[in-house]
Each structure stands twice: as structure tokens, then as C-alpha cells.
Amino acid sequence: MTTALLFPGQGAQIVGMGKDLYAASVAARAVFDEANGVLGMDLAKACFDGPAETLERTDVCQPAILVMSIAALAAAHEKLGRSLEAKAAAGLSLGEYTALVAAGALSFRDAVGLVRLRGRAMQEACDAQPSTMATVLGAERAQVEEACRRGSAHGVCVLANLLGPGQIAISGDTKAVEAACAAAKELGAKRAIPLKVAGAFHSPLMAPAAARLREALAKVDIRDPQMDVVTNVLGRPARTAADVRDCLGRQVEAPVLWEDSMRHLLGNGFRTFYEVGPGKVLSGIVRKLDANAKTVNVDSTASVAALA
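Since this is a predicted model, take the numbers as computed values, not measurements.

Below, the discussion takes up the sheet that holds strand 5 (residues 167-173). Spatially, 4-5-3-6 is the arrangement adopted by the four strands of the open sheet, whose pairing is antiparallel. On the outer flanks of this sheet lie strand 4 (157-164) and strand 6 (191-194), each paired with one strand and no other. Taking the axes of each pair of neighbouring strands and ignoring which way they run, one obtains an average angle of 25 degrees across the sheet. Examined bridge by bridge, strand 3 (residues 131-137) and strand 5 share seven bridges and lie antiparallel to one another. When the bridges of strand 5 are listed, Val 136 appears paired with Ile 168.

Take the sheet that holds strand 1 (residues 2-7) next. Pairing within the open sheet is parallel, and its five strands lie in the order 7-2-1-8-9. Pairing within the sheet leaves two strands with one partner each, and these edge strands are strand 7 (228-230) and strand 9 (294-298). Strand-to-strand twist in this sheet, taken as the mean axis angle between neighbours without regard to direction, amounts to 25 degrees. Relative to strand 7, strand 2 (residues 88-91) runs parallel, the two sharing three bridges. In the sheet register, Ala 90 faces strand 7, and the bridge partner there is Val 230. Running over the sheet, helix 12 (residues 258-267) touches strand 1, strand 2, strand 7 and strand 8 (270-276) and is turned about 130 degrees from strand 8.

Regular strands show a simple pattern: their side chains alternate between the two faces of the sheet. For strand 9, the buried fraction is high: four of the five residues fall into the buried class. Note that strand 8 and strand 9 share five bridges and pair parallel. Considered in strand 9, the bridge of Tyr 274 is made with Val 296. Traced from strand 8 through helix 13 (residues 281-289) to strand 9, the parallel crossover comes out right-handed.

Let's shift gears to the layout of surface pockets. The gaps left among the atoms become clear once a water-sized probe is rolled over them. Estimated volume of the largest pocket: approximately 860 Å³. As for the largest pocket, its lining consists of 37 residues, of which Gly 9, Gln 10, Gly 11, Ala 12 and Val 197 are closest to the centre. Where the lining of the largest pocket is concerned, the elements lending two or more residues are helix 5 (58-80), helix 7 (108-128), strand 3, strand 4, strand 5 and helix 13.

A few words now on the packing of helix 5 against helix 6 (residues 95-102). At a minimum axis distance of 9 Å, the contact between helix 5 and helix 6 shows a crossing angle of 35 degrees. In this structure, helix 5 meets helix 6 at a crossing whose hand is right-handed. Contact residues: helix 5 offers Leu 66, Ser 69, Ile 70 and Leu 73, while helix 6 offers Tyr 97, Thr 98, Val 101 and Ala 102. Across the contact of helix 5 with helix 6, the residue classes tally to six nonpolar, two polar and no charged.

Calculation rules
- Residues numbered from 1 in each chain as written.
- Predicted model: local features only at pLDDT ≥ 70, side-chain atom pairs only at ≥ 80, totals over all residues.
- Heavy atoms only, no water.
- Pairing = 2+ DSSP bridges.
- Helix = DSSP H or I, 4+ residues; strand = E, 2+ residues; numbered from the N terminus.
- Axes fitted to C-alpha atoms, helices over the stretch in contact; angles between N-to-C directions.
- Contact = heavy atoms within 4.5 Å.
- Buried < 20%, exposed > 50% of the residue type's maximum accessible area, 1.4 Å probe, protein only.
- Right-handed = clockwise from strand over helix to strand, strands pointing away.
- 1 Å grid on protein atoms, 1.4 Å probe; cavity = no way out; pocket = protein on both sides within 12 Å on 5 of 7 lines; lining within 4 Å.
- Points joined across faces, edges and corners; volume = space filled by probe spheres on them.
- Left-handed = near helix turned anticlockwise from the far one by under 90°.
- Nonpolar A, V, L, I, M, F, W, Y, C, P; charged D, E, K, R; others polar.

By themselves, these are just geometric observations and shouldn't be taken as functional.
Structural data, given as C-alpha cells:
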């Protein structure tokens with residue numbers, strides 16, 4: 001069965017993540033130690049010991065999730081004595097940077113620096129204007145689009161994350177999102193749940209962050225991926241360095257087409273998915289789309305040992 005790697009995004013962080021990998025794997029320990037040097041902070045301590053308030057900061061959790069995911073991948077490769085035999089990768093939002101590291105398109109050091117800048121720039125854009133996100137459950141895309149249209153009477157309100165069937169996040173000005181949530185319920189959605197986020201990720205309100213990120217991306221060496229990396233912006237692979245750079249530059253203010261990305265992989269014969277890093281959300285979405293797909297989580301010494 002054709003295999004793909006999946007990498008989690010912001011929200012997957014949990015205090016204690018990676019601690020057992022650091023203790024048991026020389027390769028995982030080297031990843032955390034290198035990241036500490038790049039960032040000039042003890043990121044490992046934030047991952048292992050928290051506190052949660054520190055780990056949940058946008059500028060901390062984004063590099064933390066990337067680093068923990070790459071450490072888990074390194075531990076798996078160390079245990080197997082070879083790379084996981086994957087032919088494609090995808091990552092949810094910041095997880096796309098992790099996927100690009102796994103595909104050889106970005107160096108680990110550059111990715112760590114970029115996601116720290118990304119987190120800071122996104123936080124500053126959130127601080128500049130009150131904004132929020134919400135998840136709409138049990139509604140079709142057209143219904144959520146109509147809810148956003150109604151909410152837009154009060155400000156910016158757009159689709160942000162199209163995660164899977166009946167699971168869509170919206171983003172924008174606080175009053176606009178609140179109005180859209182009410183409209184979504186009127187239109188038949190089962191629930192509309194406000195999210196505990198810093199602000200309106202993947203919306204036009206992230207334009208200042210996108211501008212800073214594009215400036216940084218222009219200075220970083222990006223190579224053609226050595227495997228297909230299905231991008232959030234396109235819902236299909238970006239196969240050249242130029243396409244990767246363009247997609248990353250657009251990503252923070254564009255919707256995440258995750259369901260489209262998973263349907264692309266499933267439609268092209270991928271049936272085994274390794275979710276590498278903290279959390280199991282992405283595996284659940286895959287199984288919702290195809291109950292026969294095989295999902296494997298790689299997030300601990302026990303899960304790494306089970307690969308052998």
C-alpha cells in the first residue's frame with residue numbers, strides 16, 4: 001500500500017510531548033538540542049515540563065510541534081535503520097513546514113527559524129485587531145459559506161480550515177464570526193463552537209504576517225521536494241521550489257484545504273498514513289474519509305518500537 005506522512009499543526013501541543021523520545025533516542029535528542037541552539041532557548045524544557053501557558057504561546061508552540069514531529073521521525077528512522085518508505089507528505093498549517101523538512105525541501109534549521117518568525121508575526125497580527133475563529137460542525141461547505149456571507153456584514157469572515165466532512169473552521173473579526181455562528185445554526189449546522197485561539201488565522205487579517213513571512217522566505221534556500229508535498233493552499237502537490245515558496249507565502253491568509261488534500265492522496269492510491277508528532281486528529285480525519293485506510297501514530301517510544 002502506498003504510504004504518506006502526515007504532520008500536525010497548532011493545537012496538537014501537549015506538555016510532556018517528546019520527553020520519552022529525548023530520553024530513549026540519540027537521534028531525537030540531537031533534534032531537540034539543535035533546535036535549542038537555533039532558537040536560543042530551552043524549547044525541550046517547554047515541551048517536556050511546560051507550563052501549558054508557555055507552550056501554548058503561538059511563537060513557542062509552532063516551533064515546538066515542528067521539532068517534536070521531526071524528533072519522532074528521526075527516532076523512527078533510527079529504530080528502523082532506514083527511512084519510513086513514504087512517497088508523499090502533508091502537514092496541517094504549520095505542519096506543512098515539517099512535511100517540507102521531511103521531503104528535503106527545507107533544512108531543519110531554516111524551518112525552525114521560519115516557524116518561530118511565523119508564530120510571532122501571526123501573534124502580532126492578532127494583537128493589532130480583535131479577531132477569532134470558530135468550528136462549525138455538521139454543515140455542508142455551501143451552508144458555511146452562506147453563514148460567512150451573512151457574518152461579513154459585521155466585518156471580515158471567511159472559511160479558514162476545511163478539515164473534513166462536516167468540520168469547517170471560520171475566521172475573522174470577532175463580531176462577524178459571532179454573527180456567522182448564529183447564522184450557521186439557523187442554516188442547519190449542528191454546532192458552532194468558538195475556538196481558544198489568539199485570532200483570525202488563515203484570513204485576510206493575517207496579511208501583515210504574510211508580508212513578513214514572504215520577506216523571510218525570499219532569503220531562505222528552498223529546494224524541489226524529493227517526494228510529493230500536498231499543500232494547504234492548493235490541495236495538491238507543489239513540486240518545485242518556486243511553487244513551495246509561493247504556497248508558504250500565501251498560506252497564513254488562505255484557507256487550509258485539508259479535506260481536499262486527503263482526498264487527493266486517497267484518490268491517488270495512498271492507503272497507509274503515518275501521523276508523525278503529537279495528537280491523533282489527522283488520523284481520525286483520514287479514517288472518516290476512508291474507513292479502510294490504515295493509520296499509524298508515531299509520537300512516543302512505544303509507537304516507534306512498534307514499527308520494527
